[in-house]
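# Commentary on secondary and tertiary structure
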Amino acid sequence: MRLTRHPILEFDRGREIEFEFDGRKLLGFEGESIAAALHANGVRVLRESIKKKRPRGFFCAIGRCSSCLMTVDGIPNIMTCVTPLKKGMRVETQRGKGSVPLAEPSSAGPPPSETKRGTDEVATIPLAIVGAGPAGLSAAAYAGRMGVETVVIDENDVPGGQLIKQTHMFFGSREHYAQIRGIDIGDKLIANLSDLPAKLMLGTTVLGLYPDRTLSLLTAGRHVRLRAGAVILATGASENMLAFENCDLPGVYGAGAVQTLMNVYGVVPGKRVLMVGAGNIGLIVAYQLLQAGVDVAAVIDAAPEVGGYHVHAAKIRRAGVPILISHTVLRVTGPDRVESAEICRVDDHWQPVPGSETTLSVDTVCLAVGLTPNCELAFQMGCRQTYMPELGGLVAVHGSHLETSIPGVFIAGDASGVEEASTAMIEGRLAGLAAAEWLGTEFDADELTRLRAEAAGSLETLRAGPFGAKAREGKKKMLSSMNEDKADSK
Amino acid sequence: MRTNADCVIIGGGVIGAAVAYNLAKGGMTNCVLLESKYLSSGATGRCGGGIRQQWSTEPNAQLAMDSVRIFKTLEEELDTDIEFLQGGYLVLAYTDEDVEQFHKNFELQRRLGLDVEILQPEEIATRVVRQLNTDGVRMATYCPSDASANPFLTTKAYADAAVKLGVEIELFTPVTRILREGNRIVGVETERGIINTPRVVNAAGSHSVLLARTVGVEIPITPYRREILVTEPLERFLDPMIISFSFGIYFRQVKHGSVIGGFAYPDEKPGFNEESSVDFLTMMSHKLSFLMPALKHVKVVRQWAGLYDVTPDAQPIIGETDGVDGLFQASGFSGHGFMIAPKASSLLAQLILGQKPDLDIDRLNVRRFSEGDIDLDHSVV
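Residues numbered from 1 in each chain as written. Chains lettered and ligands numbered in written order. Predicted model: local features only at pLDDT ≥ 70, side-chain atom pairs only at ≥ 80, totals over all residues. Heavy atoms only, no water.

## Let's talk about the overall build of chain A
- Counting secondary structure elements, chain A contains 10 helices and 26 strands.
- Here the C-alpha atoms of chain A give a radius of gyration of 23 Å, agreeing with the 23 Å that 2.2 N^0.38 yields for 490 residues.
- In terms of principal-axis extent, the alpha carbons of chain A reach across some 65 × 65 × 40 Å.
- About 21300 Å² of surface is accessible on chain A, with carbon and sulfur atoms providing 51% of the total. (Helix = DSSP H or I, 4+ residues; strand = E, 2+ residues; numbered from the N terminus. Rg over C-alpha atoms; globule rule 2.2 N^0.38 Å. Areas by Shrake-Rupley, 256 points an atom, 1.4 Å probe, with all protein chains shown as cover.)

The structure is reproduced here in structure tokens:
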């Protein structure tokens, strides 16, 4: 079902077009994701799992989880949650692993040239930033202020990262964009770049990062190389899955996926939702669901208290949505999509309490159970990694200037440890400054010192208080890990 | 960790694991296998898993043919699945040199009794594989009994079977040096202590050179990086391994459905470099999508590199070392250790157990290089 009226958003949809799904003609809007168009048409099952032939829908909606692979125009394994819909597209439910299109004409062209290295062209740039979210855009702005030429690469066609779906206002002080909605912060961050030597390279996937800081890019269907003097990885995080019976059933979505569907494409995820997770994301998305006219059956959390801000919790309680602490989801049921969810209480040891089971009639279960940093590029490059639960899992070891164990490679935002957009922006600034310093560009050293001190102060403020405790602890441990490394290498 | 053993095998690749198994099977069960990381962490786990019998020298061809015979019943013998499949090998010729060499190979291989045949380019589509672009192909040889298997599963199968027979396997146990007294081996020193033993099998791939040096022995093995990549899985469409020496490529579809393949840069510098390069990714994509245009839509999911332990004649070094009693070499497999592991390991075990090997492997002894009479194998990818 599509949203037509929303208290905050106006949906500027593209041209209405016809496309084909398993032989049926359906209508969608040009440029929206294939998965969103299908969802709006009531299609939740996108593929069958390879081994057990179980129905699968999407889960993350941002091109991370591979749950939405379908066959499009005869080509298998297309990530439909991030592939824009085009007129006349032939979309098919993918069963099995997908087959190579056999009828490929032998338009192979000339054979590849001699087996020699270094035959492809390589473009160069002083600073490449991977990810055009809050961290990446802030890094570009601050590196730019130091006179560094930058390209910001993002696989999405729209910059802003996850800000583009955050309709809520941010907290904090004005320098952290408080009282502004996430959707508008992205625009401001992009506007900040207008007079700086920063270029956006959108719709571009970084396939790999190689030892001499060469990035392998897929852009507009072509493979290109870019050699960077320094690299900042601002690749964000991926949504966590929760293991319970039938957790792969279509209708079990990540909280970010629900936001994307609802706030970017104006498609509601279902009629009645169970929200799992009472941290800030769970509470905020529950409220956004209510704003979109969707019924929220309950917000549950296994922890014995609400993890998010009380002001968010109060808003949804006022709307009559129960928040059940010390509760978990046991299973969901339904033939090929969620029709109900069974929840229960958990005891002090997180174990289900027998006899406390309740079945909720819901068609969607939204998981807001944390994020995991996207560190693949850092690890591929050989950056030392460490497991840091406070920061969301495996993270590249980094110092207070966001430098990793590999010279010239920096990391910022959720990729360096899961926090919030506000801290991501400040980390981005610090990484931008550090990259400029490392590149040895000519700049005003006093200005750099001043900006760095200012940013470090902001981070401290943002991480102060009980809600910043985990990040504070994680970053402290990280710093000592980095210092140990430095001591070792001396 | 045992402190006394009848034999210590250094290297937890397919060779080391298979030697351990064959020794234990032959009665020498008090063996210890030492591996610096984990099983298959070296060249074995990085290889393409092909099992080819089409070689240009008799020892390589014979070892490979005998190995296929063993592979055919290995799953039964070791009681586990190793994804063995006789999907054949299609070898493509593009140049005059190829054509000439292929005819020679064909003669040799037929003489040895291999079911190899010569195909004309137009026969490839009907006989072997439909989706192949044969532009520029002069001829091909095809051997339907050539095969493939999963290197990880094979190594684990050998290792598990060895342990069942009494062998001890110590992982994450780097060897610091081999211990020698006079002209005989007396033990192995590891980071976790010393094992006394009269016999050592040096099966550490490219690192064998460094180990041999700890007892003053030089073996002519040069490490060369070889890169490889794998795609997302697809429904089965390709049974044979497809290779070409002059075009420079090998690829096959593994059981899981992924296409795995690589090629060698002729100008690759020797050394222990195991980094992946973007050059390889690009060139391999070009080559694959030229030979099989339909694959241009398929995503590469991973690339990595491993080391070929190359000898001057591209044939392995197997046997006892002159002047150092009890030091057995089993390395220098030059990129085809996996496919000949079953036979090579069985022959070496026979030698160690004091039996007469059922195939003459004296010509694979390291002394051949000082005698200066070598027979280079041309059929190396």
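## Regarding the overall build of chain B
- Within chain B, the regular secondary structure consists of 10 helices and 19 strands.
- A compact globule built from 381 residues would reach a C-alpha radius of gyration of about 21 Å, and chain B, at 20 Å, matches this within 12%.
- In terms of overall dimensions, chain B has a C-alpha envelope of 60 × 40 × 40 Å along the principal axes.
- Expressed as a percentage of the 381 residues in chain B, the buried residues total 62%.
- Of the roughly 14300 Å² of accessible surface on chain B, 49% is carried by carbon and sulfur atoms.
- Within chain B, the 49 negative side-chain charges are centred at a point lying 2 Å from the centre of the 36 positive side-chain charges. (Buried < 20%, exposed > 50% of the residue type's maximum accessible area, 1.4 Å probe, protein only. Lys, Arg positive; Asp, Glu negative; His and termini not counted. Charge placed at Lys NZ, Arg CZ, Asp CG, Glu CD.)

## Remarks on helix α2 (residues 134-145) of chain A
All names here are of chain A.
- With 12 residues, α2 should cover 16 Å at 1.5 Å per step; its first-to-last C-alpha distance of 17 Å lies within 8% of that length.
- Within α2, 11 of the 12 residues are buried, which leaves it mostly tucked inside the rest of the structure.
- Of all the residues in α2, the buried ones are Pro134, Ala135, Gly136, Leu137, Ser138, Ala139, Ala140, Ala141, Tyr142, Ala143 and Gly144.
- Phi turns positive one or two residues past the end of α2, at glycine 147, with a value near 85°. (Expected span 1.5 Å × (residues − 1).)

## Some points on a nonpolar patch on the surface
Residues and elements named next belong to chain B.
- The grouping of Tyr38, Leu171 and Phe172 at the surface amounts to a nonpolar patch, some 310 Å² of accessible area in total.
- When you line up the elements, tyrosine 38 lands in the loop between β2 (31-34) and α2 (43-46).
- Its relative accessible area of 42% is what places tyrosine 38 among the partly exposed residues. (Patch = residues over 30% accessible without salt bridge, like charges linked within 9 Å, V, L, I, M, F, W, Y side chains within 5 Å. Salt bridge = Lys/Arg side-chain N within 4 Å of Asp/Glu carboxyl O.)

## Side note on the domain arrangement of chain B
Residues and elements named next belong to chain B.
- Taken as a whole, chain B is organised into domain 1 (7-46 + 152-221 + 313-370) and domain 2 (86-145 + 222-308).
- Distance from the C-alpha centre of domain 1 to the C-alpha centre of domain 2: 30 Å.
- In this complex, domain 1 contributes 11 residues to the contact, which on the side of domain 2 involves 11 residues.
- Approximately 850 Å² of surface area, both sides summed, lies buried where domain 1 meets domain 2, with 55% of it carried by carbon and sulfur atoms.
- Counting the surface domain 1 buries against domain 2, the share from its top three residues, Arg46, Ser206 and Ile221, is 59%.
- Our count for the contact surface shared by domain 1 and domain 2 stands at 1 salt bridge.
- At the boundary of domain 1 with domain 2, the tally comes to 2 residue pairs in polar contact (both at pLDDT 80 or more). (Domains from an automatic or database assignment. Contact = heavy atoms within 4.5 Å. Buried area = accessible area lost by both parts, 1.4 Å probe. Polar contact = N/O pair within 3.5 Å; in protein donor to acceptor, adjacent residues only side chain to side chain.)

## Brief notes about the sheet that holds strand β15 (residues 249-253) of chain B
All names here are of chain B.
- A sheet is described by the order of its strands in space; here 8 strands give the open sequence β5-β6-β4-β14-β15-β16-β13-β17, paired in mixed fashion. The sheet is open, and its two edges are formed by β5 (117-119) and β17 (300-310), each paired on a single side. Sheet twist, expressed as the mean angle between neighbouring strand axes with direction ignored, is 20°.
- Where strand β14 (residues 241-244) and β15 come together, 3 bridges link them in antiparallel fashion. If you follow isoleucine 243 over to β15, its bridge partner there is tyrosine 250.
- The strands touched by helix α4 (residues 96-111) within the sheet are β4 (89-93), β5 and β6 (139-143), with β4 carrying the most contacts at an inclination of about 145°.
- The sheet strands contacting helix α8 (residues 278-291) are β4, β13 (222-231), β15, β16 (259-263) and β17, and the helix crosses β16 at an angle near 115°. (Pairing = 2+ DSSP bridges. Axes fitted to C-alpha atoms, helices over the stretch in contact; angles between N-to-C directions.)

## So, the packing of helix α5 (residues 280-291) of chain A against helix α6 (residues 310-318) of chain A
All names here are of chain A.
- Running from N to C, α5 and α6 point in directions that differ by 35°, and their axes come no closer than 9 Å. As for how α5 packs across α6, the hand of that crossing is left-handed. On α6, the residues that touch Asn280, Leu283, Ile284, Ala286, Tyr287 and Leu290 of α5 are His312, Ala313, Lys315 and Ile316.
- In terms of residue class, the contact of α5 with α6 is built from 7 nonpolar, 2 polar and 1 charged. (Left-handed = near helix turned anticlockwise from the far one by under 90°. Nonpolar A, V, L, I, M, F, W, Y, C, P; charged D, E, K, R; others polar.)

## A closer look at the nonpolar core
- Ranked by size, the top nonpolar core spans 74 residues in total, and within it Ile9(B), Leu23(B), Ile51(B) and Val201(B) carry the most contacts.
- Lining this core are residues from two domains, each supplying at least three of them: domain 1 (7-46 + 152-221 + 313-370) and domain 2 (86-145 + 222-308) of chain B.
- Beyond its immediate chain neighbours, meaning those up to four positions away, Leu23(B) contacts Cys7(B), Ile9(B), Met28(B), Cys31(B), Ala349(B), Ile352(B) and Leu353(B).
- By size, the runner-up hydrophobic cluster in this structure holds 54 residues, among which are Ile78(A), Met89(A), Val258(A) and Ala368(A). (Core = buried A, V, L, I, M, F, W, Y, C linked by side-chain atoms within 4.5 Å.)

## Description of the packing of aromatic side chains
Residues and elements named next belong to chain B.
- Tallied over the full model, the rule gives 10 aromatic pairs over all chains.
- Between the aromatic rings of phenylalanine 71 and phenylalanine 338, the centroid separation amounts to 5.8 Å while the plane-to-plane angle is 55°, which identifies the pairing as tilted. Of this pair, phenylalanine 71 sits in helix α3 (residues 58-78) while phenylalanine 338 is found in helix α9 (residues 337-352), placing the two residues 267 residues apart along the sequence.
- Classification of phenylalanine 71 by relative accessible area gives buried; the value is 1%.
- The lysine or arginine in question, lysine 287, covers the ring of phenylalanine 247, its NZ or CZ lying 4.9 Å from the ring centre. (Phe/Tyr/Trp six-rings, centres within 6.5 Å; stacked < 30°, edge-to-face > 60°. Lys NZ or Arg CZ within 6 Å of the ring centre and 35° of its normal.)

## Re the packing of helix α8 (residues 421-439) of chain A against helix α9 (residues 445-463) of chain A
All names here are of chain A.
- Here α8 crosses α9 at 155°, and the two axes come no closer than 9 Å. One element, α8, and the other, α9, form an angle in the roughly antiparallel class. Where α8 crosses over α9, the handedness of that crossing is left-handed. Contacts between α8 and α9 involve Ser422, Thr423, Ile426, Glu427, Leu430, Leu433, Ala434 and Glu437 on the former and, on the latter, Leu448, Leu451, Arg452, Ala455, Ala456, Ser458, Leu459, Leu462 and Arg463.
- Of the residues belonging to the contact of α8 with α9, the class tally is 10 nonpolar, 3 polar and 4 charged. (Parallel < 35°, antiparallel > 145°, perpendicular 65-115°, else oblique.)

## Re the interface of chain B and chain A
- Taken together, the contact between chain B and chain A spans 38 residues of the former and 33 residues of the latter.
- Around 2800 Å² of area is buried between chain B and chain A when both sides are counted, 60% of it from carbon and sulfur atoms.
- When the area that chain B buries against chain A is broken down by residue, the three leading residues are Glu235(B), Val278(B) and His297(B), summing to 20%.
- Across the contact surface, chain B and chain A share 1 salt bridge.
- The partner of Asp279(B) in a salt bridge is Arg225(A), and the shortest N-O contact between them spans 2.8 Å.
- At the level of elements, β13 and α8 of chain B are the ones that each hand at least two residues to the side of chain B that touches chain A.
- Looking at which element gives the most residues to the side of chain B that touches chain A, the answer is α8(B), with 9 residues.
- Along the lines of polarity and charge, the residues of the side of chain B that touches chain A split into 16 nonpolar, 10 polar and 12 charged.

## Digging into the pattern of salt bridges
All names here are of chain B.
- In the structure shown here, the tally under the stated rule is 44 salt bridges over all chains.
- A salt bridge links aspartate 81 to lysine 255, with the shortest nitrogen-to-oxygen separation between them at 3.6 Å. Of the two residues, aspartate 81 sits in the loop between α3 and β4 while lysine 255 sits in the loop between β15 and β16, which places them 174 residues apart along the sequence.
- Judged by relative accessible area, which is 38%, aspartate 81 ranks as partly exposed.
- Of the residues examined, lysine 255 reaches a relative accessible area of 53% and is grouped as exposed.
- With a shortest N-O distance of 3.0 Å, glutamate 117 and arginine 127 are connected by a salt bridge. Of this pair, glutamate 117 sits in strand β5 while arginine 127 sits in helix α5 (residues 121-127); the two residues are 10 residues apart in sequence, bridging distant segments of the chain.

## Re the state of the cysteines
All names here are of chain A.
- Counted by the stated rule, this structure contains 0 disulfides over all chains.
- This cysteine, cysteine 81, is not joined by any disulfide, and cysteine 68 carries the nearest cysteine sulfur, 3.8 Å off.
- Cysteine 383 carries a free sulfur, and the closest cysteine sulfur to it, the one in cysteine 375, is 9.1 Å from it.
- Since its relative accessible area comes to 3%, cysteine 383 is described here as buried. (Disulfide = S-S within 2.5 Å.)

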